[in-house]
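# Fold and geometry: a report
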Amino acid sequence: MFRGSANYIANHRNTLAVYHIPGGLLDLEDPAIFRNLMNDIALTWLLGMKVVLVVGCRHQIEKRLNEKHRLAGVRVTDKDTLRVVKEEAGYVRFEVERELARALRLQSSGMDGNVVSGNFYSAQPLGILDGIDYEYTGFVRKVEVDKIKRLHDNRDICLLTTLGVSPSGEVFNVCSESLAATVAGAMKASKVIFFTEKETELRSTVHGKKIQSLRFSDAKALLDYSGLAINKKGFSTISDRMAGRDPSTVDMLHKIGWSVEAVENGNVLEKDIEMYYVYTRDNLIVACGQLKQFEKGYAEIGCLVVNSEYRKGGRGDAMLGYLERMCVMHGCTSIFVLSTQTMEWFLERGFEEVGVEELPPSRQATYNHVRKSKIYLKRIESVRDLDANELWWNR
Ligand SMILES: CC(C)(COP(=O)(O)OP(=O)(O)OC[C@H]1O[C@@H](n2cnc3c(N)ncnc32)[C@H](O)[C@@H]1OP(=O)(O)O)[C@@H](O)C(=O)NCCC(=O)NCCS
């Protein structure tokens, strides 16, 4: 087992993980669940990861306050509510410190692990929205990246609660999930992990398999359904983007050989459009890739292109990783690409060169022997294989 984990340990040493712990996890009927979680987090620290913990207290606050304080899913924090938040944020902070200190002592005899909390971010008020004054409800203004880094240099663990102080000395109650995401972004964390109070997993209603990754439009629908806001980057299909007709969509259509008019006049088949996936950032398309399914569990990745202004920033990797996960979700285990220019790029990402005879029969029939594209194949059984593969990429 240790040999199997060794590559994960080596790859994650000195990387940063942000863990989000909802308050409800602290008050479960079975205290062993929270204790074991702290043991696991202490273990990741012991193995060399840098750790930031963000602990929420929504569960504790909701037990004490009624729903009238919530508007459109966001809590209005008046003076009395702020007092409750301060008490509960203090409670969850000390509970985590207590259990984590125990776990660190238990697991790291001789190593000096310390949990430190303090003013590691500043906050500002949400203000008045649609005529509603949210008073002491706020959002993150600035993460003190250097201060947290200094703490990690000392091998300490950073603990954050949802109370952020403004430069003028006011205290604001921020959303813990958003705090974890903002801190992870500012610190360039390699992982941000959200724990849930109940075992929750998404399963496909079609084939019943666990859903490991989502298209941007599906994630958005899911968040809308849960009444949560979305960030501005993710994956979708190019057809999801047609309505807007923004310049980046028109440009990307052009790159893959279509015009907006051809698509709108129905000269491009709906099923062809559906095969094109895009990666967007700040609502602009930065990468695109085609996924075509064949018989016997084969799928072809084609037209993988990153907008030239955005190259060398890992977007090609992100797009490829997403397409590979989509293949696995559709039950494909053999993924191939045909290339005349980008051979090394695919070889470096775990593909191997194969002959035409390795292609599924219907693709062999349409292979262009004059063009002589090289064929690269990768076999993947599960999303876990992909995760393991990506860990080995040395970039
Ligand atoms: C290939 C492509 C998708 C990579 O996108 P990207 O976002 O720049 O990729 P990443 O940031 O993940 O990787 C960048 C690395 O790939 C390398 N790379 C880019 N094009 C390459 C090529 N044709 N062959 C080998 N390596 C290549 C870069 O030099 C860089 O290496 P470095 O990190 O050592 O400097 C992008 O360059 C592109 O759109 N190219 C034109 C279209 C194309 O060739 N598509 C593939 C055929 S289906």
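The name an unreviewed UniProt entry gives the protein chain is amino-acid N-acetyltransferase, with Fistulifera solaris as the organism. Database annotation for the protein chain, UniProt heading Sequence similarities (unreviewed entry): "Belongs to the acetyltransferase family. ArgA subfamily." Check the Catalytic activity (unreviewed entry) section of the UniProt entry for the protein chain; it says "L-glutamate + acetyl-CoA = N-acetyl-L-glutamate + CoA + H(+)".

## Quick notes on the packing of aromatic side chains
Summed over the entire model, instances satisfying the criterion amount to 7 aromatic pairs. Ring centres 6.2 Å apart and planes at 35° place the aromatic pair tyrosine 136 and phenylalanine 172 in the tilted group. Of this pair, tyrosine 136 sits in the loop between β8 (132–133) and β9 (138–143) while phenylalanine 172 sits in strand β12 (residues 171–173), placing them 36 residues apart in sequence. Residue class for tyrosine 136 comes out buried when judged on its relative accessible area of 15%. Ring centres of tryptophan 345 and phenylalanine 346 lie 5.2 Å apart, and the angle between their planes is 90°; this geometry places the pair in the edge-to-face category. Note on phenylalanine 346: relative accessible area 6%, which makes it buried. Taken together through their ring pairs, the aromatic side chains of Phe294, Tyr298 and Phe336 make up a single cluster.

## A short note on the environment of asparagine 114
Positionally, asparagine 114 belongs in the loop between α4 (79–107) and β5 (115–117). Considering only alpha carbons, one finds asparagine 114 and asparagine 154, 40 residues apart in sequence, at a separation of 9.1 Å.

## A look at the side chain of asparagine 173
By the element assignment, asparagine 173 lies in strand β12. Engagement of the side chain of asparagine 173 in a polar contact is seen with the side chain of threonine 77, the distance being 3.3 Å.

## What about the pattern of salt bridges?
All told, the structure shown has 16 salt bridges when counted by the stated rule. For glutamate 144, the salt bridge is made with lysine 142, and the minimal N-O distance between the two is 3.9 Å. Relative accessible area serves as the criterion here: at 21%, glutamate 144 is assigned to the partly exposed category. In the salt-bridge network here, residues are joined through shared partners; they are Arg35, Glu95, Arg98, Glu99 and Arg102.

## Section: helix α5 (residues 145–153)
Buried within α5 are the following residues: Val145, Ile148, Leu151 and His152. Here the buried residues of α5 occupy an arc of 125° about the axis, which is enough to place them on one side. Projecting away from the buried face of α5 at angles above 90 degrees are the exposed residues Asp146, Arg150 and Asp153. Of the surrounding secondary structure, the elements contacted by the buried residues of α5 are β1 (16–21), β2 (50–55), β5, β9, β10 (157–160) and α6 (176–187). Phi turns positive, to about 70°, at arginine 155, one or two residues after α5.

## A word on the site of the ligand
For the ligand, the set of nearby residues contains 15 residues, the closest of which are Leu304, Val306, Lys312, Gly314 and Gly316. At 3.2 Å, a backbone N or O of glycine 313 approaches an oxygen atom of the ligand. Every element with two or more residues in the shell around the ligand is listed here: β17 (298–306), α11 (315–329) and α12 (343–347). Looking at the shell around the ligand, its residues break down into 4 nonpolar, 5 polar and 6 charged.

## A closer look at the nonpolar core
Among the nonpolar cores identified, the biggest contains 54 residues, and Ile21, Met38, Ile41, Val52, Leu53, Leu100 and Leu160 are the most heavily contacted of them. Among the elements that make up this core, the one with the highest residue count is α4 (9 residues). Residues contacting valine 52, with those up to four places away along its chain left out, are Leu16, Ala17, Val18, Tyr19, Ile148, His152, Cys158, Leu160 and Val183. Core analysis: the next-biggest nonpolar cluster, separate from the first, contains 25 residues, Phe235, Leu320, Met326 and Phe346 among them.

## Some points on unusual backbone geometry
If you check the backbone angles, lysine 188 has positive phi at about 55° while not being a glycine. Secondary-structure assignment places lysine 188 in the loop between α6 and β13 (191–194). Positive phi values are uncommon outside glycine, yet lysine 312 reaches one of about 60°. Relative to the elements of secondary structure, lysine 312 occurs in the loop between β17 and α11. By relative accessible area, which is 87% here, lysine 312 ends up exposed.

## A word on the sheet that holds β10
Pairing within the open sheet is parallel, and its 5 strands lie in the order β5-β10-β2-β1-β13. In the strand order of this sheet, the two ends are held by β5 and β13, each with one partner. Neighbour-to-neighbour, the strand axes of this sheet turn through a mean angle of 20°, independent of strand direction. One ladder, built from 3 bridges, connects β5 with β10; its direction is parallel. The partner of valine 116 across the bridge, within β10, is cysteine 158. Where α6 meets the sheet, it contacts β1, β2, β10 and β13, and its direction lies at approximately 175° from that of β1.

## Thoughts on the packing of helix α2 (residues 31–46) against α4
In the contact formed by α2 and α4, the axes pass within 8 Å of each other and the chain directions differ by 55°. By the criterion of interaxial angle, the relationship of α2 to α4 is oblique. Between α2 and α4 the crossing geometry is right-handed. Residues Phe34, Arg35, Met38, Asn39, Ile41, Ala42, Leu43, Trp45 and Leu46 of α2 form the contact with α4, whose own contacting residues are Glu95, Val96, Glu99, Leu100, Arg102, Ala103, Leu104 and Gln107. When its residues are assigned to classes, the contact of α2 with α4 shows 11 nonpolar, 2 polar and 4 charged.

Cut-offs and rules
Residues numbered from 1 in each chain as written. Predicted model: local features only at pLDDT ≥ 70, side-chain atom pairs only at ≥ 80, totals over all residues. Heavy atoms only, no water. UniProt positions renumbered as here; feature names shortened; annotations may be inferred. Phe/Tyr/Trp six-rings, centres within 6.5 Å; stacked < 30°, edge-to-face > 60°. Helix = DSSP H or I, 4+ residues; strand = E, 2+ residues; numbered from the N terminus. Buried < 20%, exposed > 50% of the residue type's maximum accessible area, 1.4 Å probe, protein only. Polar contact = N/O pair within 3.5 Å; in protein donor to acceptor, adjacent residues only side chain to side chain. Salt bridge = Lys/Arg side-chain N within 4 Å of Asp/Glu carboxyl O. Arc of directions from axis to C-beta. Contact = heavy atoms within 4.5 Å. Near = heavy atom within 4 Å. Nonpolar A, V, L, I, M, F, W, Y, C, P; charged D, E, K, R; others polar. Core = buried A, V, L, I, M, F, W, Y, C linked by side-chain atoms within 4.5 Å. Pairing = 2+ DSSP bridges. Axes fitted to C-alpha atoms, helices over the stretch in contact; angles between N-to-C directions. Parallel < 35°, antiparallel > 145°, perpendicular 65-115°, else oblique. Left-handed = near helix turned anticlockwise from the far one by under 90°.

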